[in-house]
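Examining the three-dimensional arrangement
Residue-level listing of the chains:
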Amino acid sequence: MGNEELTLKGESELTTLVPEKLPLDIIHNDGRIAVINKPAGLTTHPAPSCPTGTLVHRLIHHFPEIRDMDEWRPGIVHRLDKFTSGLIAVALNEHDRLAMSAAFAEREINKTYLAIVHGIPEREFGEIDAPMGRHPIHKTKMAVVLKGGREARSEYKTLWSDPAGLASLIKVKIHTGRTHQIRVHMAHIGHPLVGDLVYGSMPHARWEQEHPQLAELAQRQMLHAYSLAFTHPESGEELSFTQTPPKDFIDMLKKLNKSVQRVGLIGMPCGGKSAVLKILAKNKIPTFSADESVARSYEKDGAGWELLRQRFGNRFIDPDTGSIDKSALFVAMRENEDLRREIMNIIHPIVQHDAEEFFKAHNNEPLAVAEVPLLLEGGWHDKKLVDAVIGVRTPEEKRTGELRKKRGLDLETLAVFDSWQWDEKTKMDCCTTIIENDGDLSKLDSETDRILEVLATLRKEKEIAFENHIEELFSPDKD
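About the thresholds
Residues numbered from 1 in each chain as written. Predicted model: local features only at pLDDT ≥ 70, side-chain atom pairs only at ≥ 80, totals over all residues. Heavy atoms only, no water. Helix = DSSP H or I, 4+ residues; strand = E, 2+ residues; numbered from the N terminus. Rg over C-alpha atoms; globule rule 2.2 N^0.38 Å. Buried < 20%, exposed > 50% of the residue type's maximum accessible area, 1.4 Å probe, protein only. Contact = heavy atoms within 4.5 Å. Areas by Shrake-Rupley, 256 points an atom, 1.4 Å probe, with all protein chains shown as cover. Lys, Arg positive; Asp, Glu negative; His and termini not counted. Charge placed at Lys NZ, Arg CZ, Asp CG, Glu CD. Core = buried A, V, L, I, M, F, W, Y, C linked by side-chain atoms within 4.5 Å. Salt bridge = Lys/Arg side-chain N within 4 Å of Asp/Glu carboxyl O. Arc of directions from axis to C-beta. Pairing = 2+ DSSP bridges. 1 Å grid on protein atoms, 1.4 Å probe; cavity = no way out; pocket = protein on both sides within 12 Å on 5 of 7 lines; lining within 4 Å. Points joined across faces, edges and corners; volume = space filled by probe spheres on them. Phe/Tyr/Trp six-rings, centres within 6.5 Å; stacked < 30°, edge-to-face > 60°. Polar contact = N/O pair within 3.5 Å; in protein donor to acceptor, adjacent residues only side chain to side chain. Disulfide = S-S within 2.5 Å.

Each helix and strand in the protein was counted, giving 16 helices and 16 strands. The C-alpha atoms of the protein give a radius of gyration of 31 Å, which is well past the 23 Å a tight globule of 479 residues would have. Taken over the C-alpha atoms alone, the protein extends approximately 100 × 60 × 35 Å along its principal axes. The burial tally for the protein puts 49% of its 479 residues in the buried class. Of all intrachain contacts in the protein linking residues separated by at least 6 positions in sequence, the fraction that spans at least 24 positions is 71%. Put simply, the protein shows about 24800 Å² of open surface, and 49% of that area lies on carbon and sulfur atoms. A gap of 2 Å separates the mean positions of the 62 positive and 75 negative side-chain charges of the protein.

Given below as C-alpha coordinates:
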(Lines give C-alpha, C1' and ligand atoms only; values in the text may rest on other atoms or scores of the structure.)
Protein backbone atom coordinates (compact mmCIF):
# COMPACT_ATOMS: atom_id res chain seq x y z
CA MET A 1 0.00 0.00 0.00
CA GLY A 2 1.39 3.34 -0.99
CA ASN A 3 4.04 1.90 -3.31
CA GLU A 4 1.84 1.48 -6.36
CA GLU A 5 3.13 2.65 -9.72
CA LEU A 6 0.66 4.32 -12.08
CA THR A 7 1.35 4.43 -15.79
CA LEU A 8 -0.81 6.47 -18.17
CA LYS A 9 -0.72 5.78 -21.86
CA GLY A 10 -2.39 7.76 -24.62
CA GLU A 11 -1.98 8.71 -28.20
CA SER A 12 -1.66 12.28 -29.36
CA GLU A 13 -3.91 13.30 -32.20
CA LEU A 14 -1.03 15.38 -33.58
CA THR A 15 1.12 13.79 -36.21
CA THR A 16 3.95 15.12 -38.32
CA LEU A 17 3.19 18.51 -39.83
CA VAL A 18 2.33 18.26 -43.51
CA PRO A 19 2.60 21.44 -45.60
CA GLU A 20 -0.70 22.58 -47.07
CA LYS A 21 -0.61 24.34 -50.42
CA LEU A 22 -3.22 26.96 -49.62
CA PRO A 23 -3.23 30.76 -50.07
CA LEU A 24 -1.43 33.03 -47.65
CA ASP A 25 -1.84 36.81 -47.68
CA ILE A 26 1.76 37.91 -47.10
CA ILE A 27 1.91 41.62 -46.26
CA HIS A 28 5.66 41.74 -45.64
CA ASN A 29 8.60 39.37 -46.11
CA ASP A 30 12.24 40.41 -45.79
CA GLY A 31 13.63 36.88 -45.39
CA ARG A 32 13.78 37.15 -41.62
CA ILE A 33 10.36 38.43 -40.55
CA ALA A 34 7.05 37.92 -42.34
CA VAL A 35 3.77 39.66 -41.57
CA ILE A 36 0.63 37.77 -42.54
CA ASN A 37 -2.97 38.93 -42.88
CA LYS A 38 -4.74 35.99 -41.24
CA PRO A 39 -8.33 35.36 -42.34
CA ALA A 40 -11.04 34.79 -39.75
CA GLY A 41 -11.73 31.10 -39.22
CA LEU A 42 -8.11 29.98 -39.54
CA THR A 43 -6.52 28.53 -36.38
CA THR A 44 -3.00 29.83 -35.74
CA HIS A 45 -1.24 26.58 -34.84
CA PRO A 46 -2.18 22.90 -34.52
CA ALA A 47 -3.62 21.42 -31.35
CA PRO A 48 -5.25 18.05 -30.54
CA SER A 49 -8.62 19.57 -31.39
CA CYS A 50 -7.31 20.98 -34.67
CA PRO A 51 -4.45 18.83 -36.00
CA THR A 52 -4.61 20.10 -39.58
CA GLY A 53 -5.74 23.11 -41.57
CA THR A 54 -3.96 25.77 -39.52
CA LEU A 55 -1.91 28.83 -40.38
CA VAL A 56 1.25 26.89 -39.51
CA HIS A 57 0.42 24.25 -42.13
CA ARG A 58 0.27 27.00 -44.74
CA LEU A 59 3.41 28.69 -43.41
CA ILE A 60 5.59 25.62 -43.80
CA HIS A 61 4.48 25.38 -47.42
CA HIS A 62 5.31 29.01 -48.21
CA PHE A 63 8.38 29.16 -45.90
CA PRO A 64 9.86 25.64 -45.77
CA GLU A 65 12.95 26.97 -43.96
CA ILE A 66 10.97 27.22 -40.70
CA ARG A 67 10.36 23.44 -40.54
CA ASP A 68 13.40 22.89 -38.30
CA MET A 69 12.23 25.32 -35.63
CA ASP A 70 9.56 24.50 -33.03
CA GLU A 71 7.91 21.13 -33.75
CA TRP A 72 4.31 22.36 -33.70
CA ARG A 73 4.59 26.16 -33.71
CA PRO A 74 7.46 27.01 -36.06
CA GLY A 75 7.91 30.76 -36.47
CA ILE A 76 4.99 31.64 -34.20
CA VAL A 77 5.80 34.48 -31.77
CA HIS A 78 2.22 35.47 -30.91
CA ARG A 79 -1.22 34.19 -31.85
CA LEU A 80 -4.67 35.33 -32.86
CA ASP A 81 -7.89 33.57 -31.95
CA LYS A 82 -9.30 31.39 -34.71
CA PHE A 83 -12.12 33.81 -35.53
CA THR A 84 -10.02 36.97 -35.22
CA SER A 85 -8.76 38.37 -38.50
CA GLY A 86 -5.74 40.53 -39.19
CA LEU A 87 -2.01 40.97 -38.77
CA ILE A 88 0.28 38.37 -37.24
CA ALA A 89 4.09 38.41 -37.28
CA VAL A 90 6.11 35.28 -38.06
CA ALA A 91 9.86 34.78 -37.48
CA LEU A 92 11.62 32.87 -40.25
CA ASN A 93 14.62 31.72 -38.17
CA GLU A 94 15.24 30.73 -34.56
CA HIS A 95 17.37 33.77 -33.71
CA ASP A 96 14.65 36.20 -34.74
CA ARG A 97 11.94 34.07 -33.16
CA LEU A 98 13.63 34.33 -29.77
CA ALA A 99 14.18 38.08 -30.21
CA MET A 100 10.57 38.70 -31.25
CA SER A 101 9.24 36.51 -28.43
CA ALA A 102 11.29 38.53 -25.95
CA ALA A 103 9.99 41.78 -27.44
CA PHE A 104 6.42 40.58 -26.98
CA ALA A 105 7.17 39.51 -23.41
CA GLU A 106 8.70 42.93 -22.66
CA ARG A 107 5.67 44.68 -24.23
CA GLU A 108 7.80 46.34 -26.89
CA ILE A 109 5.36 45.39 -29.65
CA ASN A 110 2.50 47.78 -30.36
CA LYS A 111 -0.75 46.04 -31.32
CA THR A 112 -4.01 47.76 -32.13
CA TYR A 113 -7.32 46.05 -32.84
CA LEU A 114 -10.65 47.11 -34.29
CA ALA A 115 -13.80 45.65 -32.79
CA ILE A 116 -17.55 46.05 -33.17
CA VAL A 117 -19.21 45.90 -29.76
CA HIS A 118 -22.80 45.84 -28.57
CA GLY A 119 -24.17 49.22 -27.48
CA ILE A 120 -22.36 52.51 -26.98
CA PRO A 121 -19.62 52.76 -24.32
CA GLU A 122 -20.40 55.43 -21.75
CA ARG A 123 -17.08 57.17 -22.37
CA GLU A 124 -15.49 57.86 -25.75
CA PHE A 125 -12.07 56.97 -24.33
CA GLY A 126 -11.53 54.39 -21.65
CA GLU A 127 -8.90 52.28 -19.92
CA ILE A 128 -9.66 48.85 -18.52
CA ASP A 129 -7.21 47.68 -15.87
CA ALA A 130 -8.66 44.37 -14.71
CA PRO A 131 -6.60 41.24 -13.89
CA MET A 132 -7.60 38.08 -15.73
CA GLY A 133 -7.50 34.38 -15.08
CA ARG A 134 -9.44 31.20 -15.75
CA HIS A 135 -13.16 31.45 -15.15
CA PRO A 136 -13.84 29.97 -11.68
CA ILE A 137 -16.62 27.72 -13.03
CA HIS A 138 -16.19 27.44 -16.80
CA LYS A 139 -12.54 26.46 -17.12
CA THR A 140 -12.44 26.85 -20.89
CA LYS A 141 -13.26 30.55 -20.51
CA MET A 142 -11.23 33.46 -19.23
CA ALA A 143 -12.60 36.07 -16.84
CA VAL A 144 -11.79 39.16 -14.83
CA VAL A 145 -10.93 37.76 -11.39
CA LEU A 146 -10.53 39.33 -7.96
CA LYS A 147 -7.70 37.05 -6.83
CA GLY A 148 -4.93 35.18 -8.55
CA GLY A 149 -5.29 36.88 -11.90
CA ARG A 150 -2.54 38.22 -14.12
CA GLU A 151 -2.24 41.89 -14.99
CA ALA A 152 -4.38 42.82 -18.00
CA ARG A 153 -4.69 46.36 -19.34
CA SER A 154 -6.50 47.65 -22.41
CA GLU A 155 -7.29 51.10 -23.81
CA TYR A 156 -10.19 51.77 -26.14
CA LYS A 157 -11.52 54.64 -28.21
CA THR A 158 -15.02 54.76 -29.69
CA LEU A 159 -14.74 55.63 -33.38
CA TRP A 160 -18.40 55.39 -34.44
CA SER A 161 -21.82 54.30 -33.22
CA ASP A 162 -24.79 53.44 -35.41
CA PRO A 163 -27.85 55.74 -35.42
CA ALA A 164 -29.99 53.29 -33.45
CA GLY A 165 -27.32 52.78 -30.78
CA LEU A 166 -27.15 49.03 -31.38
CA ALA A 167 -23.38 48.79 -31.77
CA SER A 168 -20.13 50.76 -31.88
CA LEU A 169 -16.84 50.53 -33.73
CA ILE A 170 -13.94 50.82 -31.30
CA LYS A 171 -10.17 50.82 -31.55
CA VAL A 172 -8.37 48.91 -28.80
CA LYS A 173 -4.73 48.99 -27.81
CA ILE A 174 -3.61 46.20 -25.53
CA HIS A 175 -0.69 46.67 -23.13
CA THR A 176 -0.70 43.00 -22.10
CA GLY A 177 -1.36 39.90 -24.15
CA ARG A 178 -3.73 37.75 -22.13
CA THR A 179 -5.85 35.08 -23.78
CA HIS A 180 -9.15 36.57 -25.01
CA GLN A 181 -8.15 39.87 -23.37
CA ILE A 182 -10.21 42.25 -25.55
CA ARG A 183 -13.23 39.95 -25.56
CA VAL A 184 -13.20 39.59 -21.78
CA HIS A 185 -12.47 43.24 -21.02
CA MET A 186 -15.20 44.62 -23.28
CA ALA A 187 -17.71 42.13 -21.88
CA HIS A 188 -16.59 43.17 -18.40
CA ILE A 189 -17.66 46.79 -19.00
CA GLY A 190 -20.97 45.70 -20.53
CA HIS A 191 -20.11 45.88 -24.23
CA PRO A 192 -19.19 42.40 -25.50
CA LEU A 193 -18.05 41.92 -29.06
CA VAL A 194 -20.73 41.44 -31.67
CA GLY A 195 -20.78 37.79 -32.72
CA ASP A 196 -18.97 36.55 -29.61
CA LEU A 197 -21.06 33.59 -28.50
CA VAL A 198 -18.72 32.83 -25.59
CA TYR A 199 -18.61 36.20 -23.83
CA GLY A 200 -21.65 37.86 -25.41
CA SER A 201 -24.26 35.15 -25.79
CA MET A 202 -27.13 37.13 -24.23
CA PRO A 203 -26.93 40.24 -26.46
CA HIS A 204 -26.45 37.96 -29.47
CA ALA A 205 -29.62 36.06 -28.53
CA ARG A 206 -31.48 39.38 -28.33
CA TRP A 207 -30.22 40.26 -31.80
CA GLU A 208 -31.45 36.91 -33.11
CA GLN A 209 -34.92 37.82 -31.85
CA GLU A 210 -35.01 41.56 -32.58
CA HIS A 211 -32.47 42.03 -35.40
CA PRO A 212 -32.11 38.68 -37.20
CA GLN A 213 -30.45 40.21 -40.27
CA LEU A 214 -27.67 41.65 -38.13
CA ALA A 215 -27.32 38.41 -36.16
CA GLU A 216 -27.01 36.51 -39.45
CA LEU A 217 -24.04 38.71 -40.43
CA ALA A 218 -22.31 38.09 -37.10
CA GLN A 219 -20.85 34.69 -37.90
CA ARG A 220 -17.79 35.29 -35.72
CA GLN A 221 -16.61 37.75 -33.08
CA MET A 222 -16.09 41.07 -34.85
CA LEU A 223 -12.41 41.52 -33.94
CA HIS A 224 -9.61 42.48 -36.32
CA ALA A 225 -5.89 42.89 -35.63
CA TYR A 226 -5.57 46.22 -37.40
CA SER A 227 -2.04 47.45 -36.78
CA LEU A 228 1.28 45.97 -35.75
CA ALA A 229 4.47 47.91 -35.04
CA PHE A 230 7.84 46.63 -33.83
CA THR A 231 11.59 47.05 -34.10
CA HIS A 232 13.20 44.67 -36.59
CA PRO A 233 15.35 42.26 -34.53
CA GLU A 234 18.24 42.36 -37.01
CA SER A 235 18.28 45.82 -38.64
CA GLY A 236 16.76 47.83 -35.78
CA GLU A 237 14.38 49.45 -38.25
CA GLU A 238 10.99 50.54 -36.93
CA LEU A 239 8.36 48.65 -38.90
CA SER A 240 4.67 49.49 -38.89
CA PHE A 241 1.81 47.76 -40.72
CA THR A 242 -1.94 48.29 -40.97
CA GLN A 243 -4.61 46.14 -42.58
CA THR A 244 -8.16 47.18 -43.48
CA PRO A 245 -10.76 44.79 -41.97
CA PRO A 246 -12.21 42.05 -44.20
CA LYS A 247 -15.53 42.14 -46.03
CA ASP A 248 -17.66 40.60 -43.27
CA PHE A 249 -16.48 43.29 -40.84
CA ILE A 250 -17.19 46.11 -43.32
CA ASP A 251 -20.57 44.58 -44.26
CA MET A 252 -21.60 44.58 -40.60
CA LEU A 253 -20.78 48.28 -40.30
CA LYS A 254 -22.67 49.09 -43.48
CA LYS A 255 -25.72 47.15 -42.32
CA LEU A 256 -25.67 48.91 -38.96
CA ASN A 257 -25.47 52.25 -40.74
CA LYS A 258 -28.55 51.33 -42.77
CA SER A 259 -30.78 51.56 -39.72
CA VAL A 260 -34.22 52.87 -40.52
CA GLN A 261 -34.33 56.53 -41.56
CA ARG A 262 -36.27 58.05 -38.67
CA VAL A 263 -38.42 60.85 -40.03
CA GLY A 264 -40.48 63.29 -37.99
CA LEU A 265 -43.56 64.93 -39.50
CA ILE A 266 -44.64 68.32 -38.13
CA GLY A 267 -46.83 71.29 -38.96
CA MET A 268 -49.36 73.68 -37.47
CA PRO A 269 -52.70 72.37 -36.13
CA CYS A 270 -55.19 71.66 -38.95
CA GLY A 271 -52.34 71.86 -41.45
CA GLY A 272 -52.85 68.51 -43.20
CA LYS A 273 -50.39 66.30 -41.34
CA SER A 274 -52.93 63.50 -41.00
CA ALA A 275 -53.61 63.57 -44.75
CA VAL A 276 -49.88 63.25 -45.46
CA LEU A 277 -49.66 60.37 -42.98
CA LYS A 278 -52.45 58.55 -44.88
CA ILE A 279 -50.62 59.05 -48.19
CA LEU A 280 -47.44 57.63 -46.67
CA ALA A 281 -49.32 54.62 -45.27
CA LYS A 282 -50.85 54.06 -48.71
CA ASN A 283 -47.26 53.88 -50.02
CA LYS A 284 -46.54 51.06 -47.52
CA ILE A 285 -44.38 53.31 -45.35
CA PRO A 286 -44.64 52.62 -41.59
CA THR A 287 -46.31 55.54 -39.80
CA PHE A 288 -46.82 56.62 -36.21
CA SER A 289 -49.25 59.18 -34.80
CA ALA A 290 -48.55 60.98 -31.53
CA ASP A 291 -52.26 61.75 -31.21
CA GLU A 292 -53.06 58.04 -31.36
CA SER A 293 -50.31 57.31 -28.84
CA VAL A 294 -51.78 59.86 -26.42
CA ALA A 295 -55.29 58.49 -26.97
CA ARG A 296 -54.12 54.96 -26.10
CA SER A 297 -52.33 56.18 -22.99
CA TYR A 298 -55.52 57.95 -21.81
CA GLU A 299 -57.53 54.73 -21.91
CA LYS A 300 -58.19 53.03 -18.59
CA ASP A 301 -55.01 51.40 -17.23
CA GLY A 302 -52.94 53.12 -19.94
CA ALA A 303 -49.60 54.72 -19.06
CA GLY A 304 -50.97 58.28 -19.21
CA TRP A 305 -54.09 57.28 -17.29
CA GLU A 306 -51.99 55.75 -14.53
CA LEU A 307 -49.63 58.71 -14.15
CA LEU A 308 -52.36 61.34 -14.27
CA ARG A 309 -54.42 59.38 -11.75
CA GLN A 310 -51.43 59.13 -9.42
CA ARG A 311 -50.90 62.89 -9.65
CA PHE A 312 -54.48 64.20 -9.71
CA GLY A 313 -56.57 61.36 -8.33
CA ASN A 314 -59.93 61.03 -10.10
CA ARG A 315 -60.06 64.71 -11.11
CA PHE A 316 -59.76 63.91 -14.81
CA ILE A 317 -61.36 60.44 -14.85
CA ASP A 318 -64.57 60.08 -16.88
CA PRO A 319 -67.03 58.33 -14.50
CA ASP A 320 -68.82 56.62 -17.40
CA THR A 321 -65.84 55.13 -19.26
CA GLY A 322 -63.18 55.11 -16.54
CA SER A 323 -60.74 56.64 -19.02
CA ILE A 324 -59.26 60.15 -19.03
CA ASP A 325 -61.86 62.84 -19.72
CA LYS A 326 -60.01 64.67 -22.49
CA SER A 327 -62.47 67.57 -22.57
CA ALA A 328 -62.05 68.25 -18.85
CA LEU A 329 -58.29 67.93 -19.19
CA PHE A 330 -58.23 70.41 -22.10
CA VAL A 331 -60.26 72.98 -20.19
CA ALA A 332 -57.93 72.72 -17.18
CA MET A 333 -54.82 73.04 -19.36
CA ARG A 334 -56.32 76.00 -21.15
CA GLU A 335 -57.02 77.83 -17.88
CA ASN A 336 -53.76 77.05 -16.07
CA GLU A 337 -50.42 77.32 -17.88
CA ASP A 338 -48.45 75.71 -15.05
CA LEU A 339 -50.85 72.76 -15.06
CA ARG A 340 -50.52 72.46 -18.84
CA ARG A 341 -46.73 72.29 -18.63
CA GLU A 342 -46.92 69.70 -15.86
CA ILE A 343 -49.25 67.49 -17.90
CA MET A 344 -47.08 67.90 -20.98
CA ASN A 345 -44.06 66.80 -18.94
CA ILE A 346 -45.99 63.69 -17.91
CA ILE A 347 -47.32 62.77 -21.36
CA HIS A 348 -44.40 63.70 -23.66
CA PRO A 349 -42.03 60.97 -22.34
CA ILE A 350 -44.76 58.38 -23.00
CA VAL A 351 -45.09 59.53 -26.61
CA GLN A 352 -41.31 59.59 -26.99
CA HIS A 353 -41.04 56.04 -25.68
CA ASP A 354 -43.77 54.84 -28.03
CA ALA A 355 -42.08 56.54 -30.99
CA GLU A 356 -38.69 55.03 -30.15
CA GLU A 357 -40.27 51.58 -29.92
CA PHE A 358 -41.99 52.24 -33.26
CA PHE A 359 -38.66 53.05 -34.93
CA LYS A 360 -37.04 49.98 -33.37
CA ALA A 361 -39.86 47.77 -34.62
CA HIS A 362 -39.21 49.01 -38.17
CA ASN A 363 -35.42 49.07 -38.00
CA ASN A 364 -35.09 46.98 -41.18
CA GLU A 365 -37.26 49.32 -43.25
CA PRO A 366 -35.70 52.07 -45.42
CA LEU A 367 -37.68 54.73 -43.54
CA ALA A 368 -40.47 55.21 -41.01
CA VAL A 369 -42.40 58.40 -40.29
CA ALA A 370 -43.65 59.65 -36.92
CA GLU A 371 -46.16 62.50 -36.87
CA VAL A 372 -45.42 64.40 -33.66
CA PRO A 373 -46.90 67.94 -33.51
CA LEU A 374 -44.57 69.10 -30.70
CA LEU A 375 -41.46 67.31 -31.96
CA LEU A 376 -39.42 70.51 -32.29
CA GLU A 377 -40.76 72.01 -29.06
CA GLY A 378 -39.76 68.78 -27.30
CA GLY A 379 -36.22 69.01 -28.69
CA TRP A 380 -36.35 65.68 -30.50
CA HIS A 381 -34.24 67.00 -33.36
CA ASP A 382 -31.56 68.27 -30.96
CA LYS A 383 -31.56 64.95 -29.11
CA LYS A 384 -31.05 63.09 -32.42
CA LEU A 385 -34.26 61.12 -31.96
CA VAL A 386 -35.02 61.65 -35.66
CA ASP A 387 -32.77 61.80 -38.71
CA ALA A 388 -34.92 64.18 -40.76
CA VAL A 389 -37.90 66.46 -40.18
CA ILE A 390 -40.65 67.01 -42.76
CA GLY A 391 -42.71 70.17 -42.37
CA VAL A 392 -46.22 70.57 -43.78
CA ARG A 393 -46.70 74.24 -44.69
CA THR A 394 -50.30 75.33 -45.27
CA PRO A 395 -51.70 78.74 -46.23
CA GLU A 396 -53.34 80.40 -43.20
CA GLU A 397 -56.72 80.83 -44.92
CA LYS A 398 -56.84 77.14 -45.80
CA ARG A 399 -55.75 75.99 -42.36
CA THR A 400 -58.18 78.21 -40.47
CA GLY A 401 -60.90 77.68 -43.03
CA GLU A 402 -61.72 74.39 -44.75
CA LEU A 403 -59.27 72.20 -42.83
CA ARG A 404 -60.38 73.60 -39.47
CA LYS A 405 -64.00 72.93 -40.34
CA LYS A 406 -63.17 69.31 -41.33
CA ARG A 407 -61.66 68.85 -37.87
CA GLY A 408 -64.75 70.36 -36.25
CA LEU A 409 -62.79 72.98 -34.32
CA ASP A 410 -63.87 76.53 -33.66
CA LEU A 411 -61.43 79.39 -34.24
CA GLU A 412 -60.95 79.99 -30.52
CA THR A 413 -59.93 76.39 -29.85
CA LEU A 414 -57.57 76.40 -32.85
CA ALA A 415 -55.98 79.59 -31.51
CA VAL A 416 -55.37 77.84 -28.19
CA PHE A 417 -53.65 74.92 -29.91
CA ASP A 418 -51.58 77.37 -31.94
CA SER A 419 -50.48 79.17 -28.77
CA TRP A 420 -49.01 75.93 -27.38
CA GLN A 421 -46.66 75.57 -30.36
CA TRP A 422 -43.94 77.52 -32.09
CA ASP A 423 -45.09 79.78 -34.91
CA GLU A 424 -45.10 78.27 -38.40
CA LYS A 425 -42.03 80.14 -39.72
CA THR A 426 -39.89 79.01 -36.78
CA LYS A 427 -41.07 75.43 -37.31
CA MET A 428 -40.43 75.41 -41.05
CA ASP A 429 -36.96 76.95 -40.61
CA CYS A 430 -35.96 73.86 -38.59
CA CYS A 431 -37.18 71.34 -41.17
CA THR A 432 -35.05 69.18 -43.44
CA THR A 433 -37.59 69.56 -46.24
CA ILE A 434 -41.11 70.97 -46.65
CA ILE A 435 -44.38 69.77 -48.17
CA GLU A 436 -46.41 72.63 -49.59
CA ASN A 437 -50.07 71.93 -48.81
CA ASP A 438 -51.48 74.73 -50.97
CA GLY A 439 -53.63 72.73 -53.39
CA ASP A 440 -55.99 69.77 -53.55
CA LEU A 441 -55.31 66.17 -52.46
CA SER A 442 -53.80 65.35 -55.85
CA LYS A 443 -51.25 68.14 -55.34
CA LEU A 444 -50.55 66.91 -51.80
CA ASP A 445 -49.99 63.42 -53.22
CA SER A 446 -47.40 64.65 -55.71
CA GLU A 447 -45.73 66.82 -53.04
CA THR A 448 -45.43 63.79 -50.79
CA ASP A 449 -43.91 61.76 -53.64
CA ARG A 450 -41.38 64.55 -54.19
CA ILE A 451 -40.43 64.49 -50.52
CA LEU A 452 -39.96 60.71 -50.63
CA GLU A 453 -37.43 61.21 -53.41
CA VAL A 454 -35.65 63.81 -51.28
CA LEU A 455 -35.50 61.36 -48.37
CA ALA A 456 -34.19 58.60 -50.67
CA THR A 457 -31.43 60.95 -51.83
CA LEU A 458 -30.54 61.72 -48.22
CA ARG A 459 -30.26 58.00 -47.49
CA LYS A 460 -27.96 57.50 -50.47
CA GLU A 461 -25.82 60.49 -49.49
CA LYS A 462 -25.60 59.11 -45.98
CA GLU A 463 -24.46 55.74 -47.32
CA ILE A 464 -21.74 57.33 -49.47
CA ALA A 465 -20.64 59.61 -46.64
CA PHE A 466 -20.40 56.63 -44.31
CA GLU A 467 -18.26 54.65 -46.74
CA ASN A 468 -15.92 57.62 -47.01
CA HIS A 469 -15.96 57.97 -43.23
CA ILE A 470 -14.95 54.39 -42.50
CA GLU A 471 -12.28 54.61 -45.20
CA GLU A 472 -10.90 57.60 -43.33
CA LEU A 473 -11.17 55.79 -39.98
CA PHE A 474 -9.12 52.92 -41.35
CA SER A 475 -6.44 55.22 -42.69
CA PRO A 476 -2.98 54.42 -41.22
CA ASP A 477 -2.54 58.10 -40.34
CA LYS A 478 -5.77 58.22 -38.32
CA ASP A 479 -5.03 58.61 -34.61
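Okay, the nonpolar core next. Phe288, Leu308, Leu329, Ile343, Ile347 and Leu375 are the most contacted members of the largest nonpolar core, which totals 41 residues. Elements supplying a minimum of two residues to this core: α8 (290-298), α9 (303-312), α10 (326-335), α11 (337-361) and β14 (367-371). Of all hydrophobic cores here, the second largest spans 31 residues; its members include Ala34, Ile66, Leu80 and Val117.

The tally for this structure, following the rule as stated, stands at 26 salt bridges. Close ionic contact of glutamate 337 with arginine 340 constitutes a salt bridge, the shortest N to O distance being 2.7 Å. With glutamate 337 and arginine 340 both in helix α11 and three residues apart, the pair spans about one turn of that helix. Residue classification places arginine 340 among the buried positions, given a relative accessible area of 8%. Between glutamate 377 and lysine 427 there is a salt bridge, with its nearest N and O atoms 3.0 Å apart. Placement of the pair is glutamate 377 in the loop between β14 and β15 (388-393) and lysine 427 in helix α15 (residues 424-429), with a sequence separation of 50 residues. Given the relative accessible area of 24%, glutamate 377 is considered partly exposed.

Let's shift gears to unusual backbone geometry. At lysine 284, a residue that is not glycine, the phi angle is positive and equals roughly 65 degrees. Within the secondary structure, lysine 284 is located in the loop between α7 (273-282) and β13 (287-289). On the basis of relative accessibility, which here comes to 73%, the residue lysine 284 falls in the exposed class. With phi around 60 degrees, lysine 384 is a residue other than glycine that occupies positive phi space.

Of the positions making up α7, those classed as buried are Lys273, Val276, Leu277, Ile279 and Leu280. Axial view of α7: buried residues confined to an arc of 160 degrees, hence all on one face. Turned more than 90 degrees from where α7 packs its buried face, Lys278 and Lys282 sit exposed. Along its buried surface, α7 packs onto β12 (261-267), β13, β14, β15, β16 (433-436) and α16 (441-473). Just downstream of α7 lies lysine 284, where phi reads positive at about 65 degrees.

The next subject is the pairing of strand β5 (residues 125-129). Consecutive side chains along a regular strand alternate between the two faces of the sheet. Side chains Gly126 and Ile128 of β5 all project onto a buried face; the interleaved residues Phe125, Glu127 and Asp129 project onto a face where none is buried. Bridge analysis of β5 against strand β8 (residues 153-161) gives five bridges, and the strand direction is antiparallel. Across the sheet, the residue bridging to glutamate 127 is glutamate 155, located in β8.

The next thing to look at is empty space enclosed by the protein. Taken as a whole and judged by the stated rule, the model has one cavity of 30 Å³ or more. Taken as a whole, the largest cavity encloses approximately 30 Å³ of empty space. Every residue along the wall of the largest cavity is listed here: Lys254, Asn257, Lys258, Glu463, Phe466 and Glu467. Looking at the lining of the largest cavity, the elements that each hand over two or more residues are α6 (247-257) and α16. No other element matches the three residues that α16 contributes to the lining of the largest cavity.

On inspection of all chains with the given rule, the structure shows nine aromatic pairs. Consider the rings of tryptophan 160 and phenylalanine 466, whose centres lie 4.8 Å apart with planes at 45 degrees: the pair is tilted. Residue tryptophan 160 is located in strand β8, and its partner phenylalanine 466 is located in helix α16; the two are separated by 306 residues in the primary sequence. Here the aromatic residues Phe288, Phe358 and Phe359 are joined through ring pairs into a cluster of three or more.

Next up on the list: the environment of isoleucine 324. Summarising the element assignment, isoleucine 324 is placed in the loop between α9 and α10. Accessibility expressed as a relative area gives 6% for isoleucine 324, which makes it buried. Each C-alpha atom, one on isoleucine 324 and one on leucine 367, is 33 Å from the other, the two residues being 43 residues apart in sequence. Discounting chain neighbours no more than four positions away, the residues touching isoleucine 324 are Tyr298, Trp305, Leu308, Phe316, Ile317, Asp318 and Leu329.

A few words now on the side chain of threonine 84. Secondary-structure assignment places threonine 84 in the loop between α1 (55-62) and β3 (85-91). Here threonine 84 falls in the buried class, since its relative accessible area comes to 2%. A distance of 3.3 Å separates polar atoms of two side chains, one belonging to threonine 84 and the other to glutamine 221. Those residues within four positions of threonine 84 in sequence are excluded, and the remaining contacts are Lys38, Pro39, Ala40, Tyr113, Arg220, Gln221, Leu223, His224 and Ala225.

Within this structure, the stated rule accounts for zero disulfides. No disulfide involves cysteine 431; its sulfur sits 7.0 Å from that of cysteine 430, the nearest cysteine.

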